[in-house]
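Given next are the chains, with one letter for each unit.
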Amino acid sequence: MKRVTTLAAITTAAVLALSACGGENQPGTAVSAPSEAKSSLSSPLGDPVQLAALSRESTKKAKSSKMTMETVAGAQKNTASGQGLYDGENSKLSMIMESDGKKLDMLFVDNVLFFKLDAADKAELKTDKSYVKMAADGQDPISQLLGKMMSKAVKDSDPSRVLEQISKAGKITKSDQAELNGERTNHYVIEVEAEKAIALIMGEIGIPLPAATVNQLKAKLAGKNVTILTELWLNADQLPLQVVSDQTAFVKAMGAPGDGVAKTTVKYTDWGTPVTITAPPADQVGELTEIMKKGGN
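These numbers were taken from a predicted model, which means no experiment stands behind them.

A. Representation of unusual backbone geometry. A positive phi angle is found at Asn181, which is not glycine, with a value near 50 degrees. Mapped onto the elements of the fold, Asn181 is located in the loop between β7 (170–180) and β8 (183–193). Residue Asn181 is classed as exposed on the basis of its relative accessible area of 75%. Here the phi dihedral of Asp270 falls at roughly 55 degrees; this positive angle occurs in a residue that is not glycine. Here Asp270 shows up in the loop between β11 (262–269) and β12 (285–287). The exposure class assigned to Asp270 is partly exposed, which follows from its relative accessible area of 39%.

B. Expanded view of the pattern of salt bridges. Scanning the model with the defined rule gives four salt bridges in all. Measuring nitrogen to oxygen at the nearest pair gives 3.3 Å for the salt bridge that ties Lys133 to Glu287. Placement of Lys133 in strand β6 (residues 131–135) and of Glu287 in strand β12 is noted, with a sequence separation of 154 residues between them. By relative accessible area, which is 24% here, Lys133 ends up partly exposed. The residue Lys174 makes a salt bridge to Asp176 at a minimum N-O spacing of 4.0 Å. Judged by its relative accessible area of 47%, Lys174 is partly exposed.

C. Up close: the nonpolar core. Met95 and Leu232 are the most contacted members of the largest nonpolar core, which has 45 residues in total. Counting eight residues, the second-largest nonpolar core is a separate cluster that includes Val112, Phe114, Tyr131 and Ile277.

D. Layout of helix α2 (residues 48–62). The end-to-end C-alpha separation of α2 is 21 Å, in line with the 21 Å expected for 15 residues at 1.5 Å each. What α2 keeps buried is the set Pro48, Leu51, Ala52, Ser55, Ser58, Thr59 and Ala62. Buried positions in α2, seen along its axis, are confined to an arc of 130 degrees and lie on one side of it. By the N-cap criterion, in which a side-chain oxygen at the helix start approaches the backbone nitrogen of a residue two or three places on, α2 is capped by Asp47, the distance to Val49 being 3.1 Å. In the segment just after α2, Lys63 is the residue with positive phi, at about 70 degrees.

E. Focus on the pairing of β7. The pairing of β7 with β8 spans 10 bridges and is antiparallel. Pairing of Ser175 across the sheet is with Tyr188, part of β8. Turn length for the β7-β8 hairpin, with the two strands adjacent in sequence and antiparallel, is two residues, and the turn residue Asn181 shows positive phi of about 50 degrees.

About the criteria used
- Residues numbered from 1 in each chain as written.
- Predicted model: local features only at pLDDT ≥ 70, side-chain atom pairs only at ≥ 80, totals over all residues.
- Heavy atoms only, no water.
- Helix = DSSP H or I, 4+ residues; strand = E, 2+ residues; numbered from the N terminus.
- Buried < 20%, exposed > 50% of the residue type's maximum accessible area, 1.4 Å probe, protein only.
- Salt bridge = Lys/Arg side-chain N within 4 Å of Asp/Glu carboxyl O.
- Core = buried A, V, L, I, M, F, W, Y, C linked by side-chain atoms within 4.5 Å.
- Expected span 1.5 Å × (residues − 1).
- Arc of directions from axis to C-beta.
- Polar contact = N/O pair within 3.5 Å; in protein donor to acceptor, adjacent residues only side chain to side chain.
- Pairing = 2+ DSSP bridges.

Pasting the structure below:
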């Protein structure tokens, strides 16, 4: 159970980094992918609200992408690759994560998070099921916390949502035009206020932090003006190609041991390409609560 829950937490944190504080997509709306005609790159925008609105419209049209992600926390590095469909309540995500030399396949479909179990997982959990599921409305403590967080994060995983967070909790401090992988892009540097970002994220997810935790956070951040430095590279269609979020100052303020480096890098490709993500066969899936009971967890 340890590996599944640990990687569930890692996955949740990674997708939260992807989705920032979330927003509202309208599911079921028929949209088309961006035109194949080459768009001309406009000048960078200085207004984060306008930038968020334009990027939101672009991702609603494209609706899907492939992605790779790398998260660094001190000496630990986790990588992931996958694809996503950004469609509000109908959003889906498939991802393969690597942590401590092991891979974990993850699917999010129909508001349920599925983890694929390898032989070691099955032995630990004493199950013959190939997948364990974690539902947002699950009754066990793990599902109630991580399931709800993951559900909210994936449904709002439209990468333009990072810009909505910026418009509420940060400001654009620099913008220019730069080449990224042979393509001219608009490059933005943004400073996001850590306290505001935390409040927005937890408020959107609907999980209030305990008063003691809130007070502890406020005490550690008080007077330090801690910011999360974010860099964005957007193409001519206002679609993100790369997002780098540096949380180093925040984790150091929280007292993280070691060098305290914490950074997430997400790269997006193949915008608008068809994405097919389906739930595993029902007979191969076990309920988390039942598996935990049988396994003595």
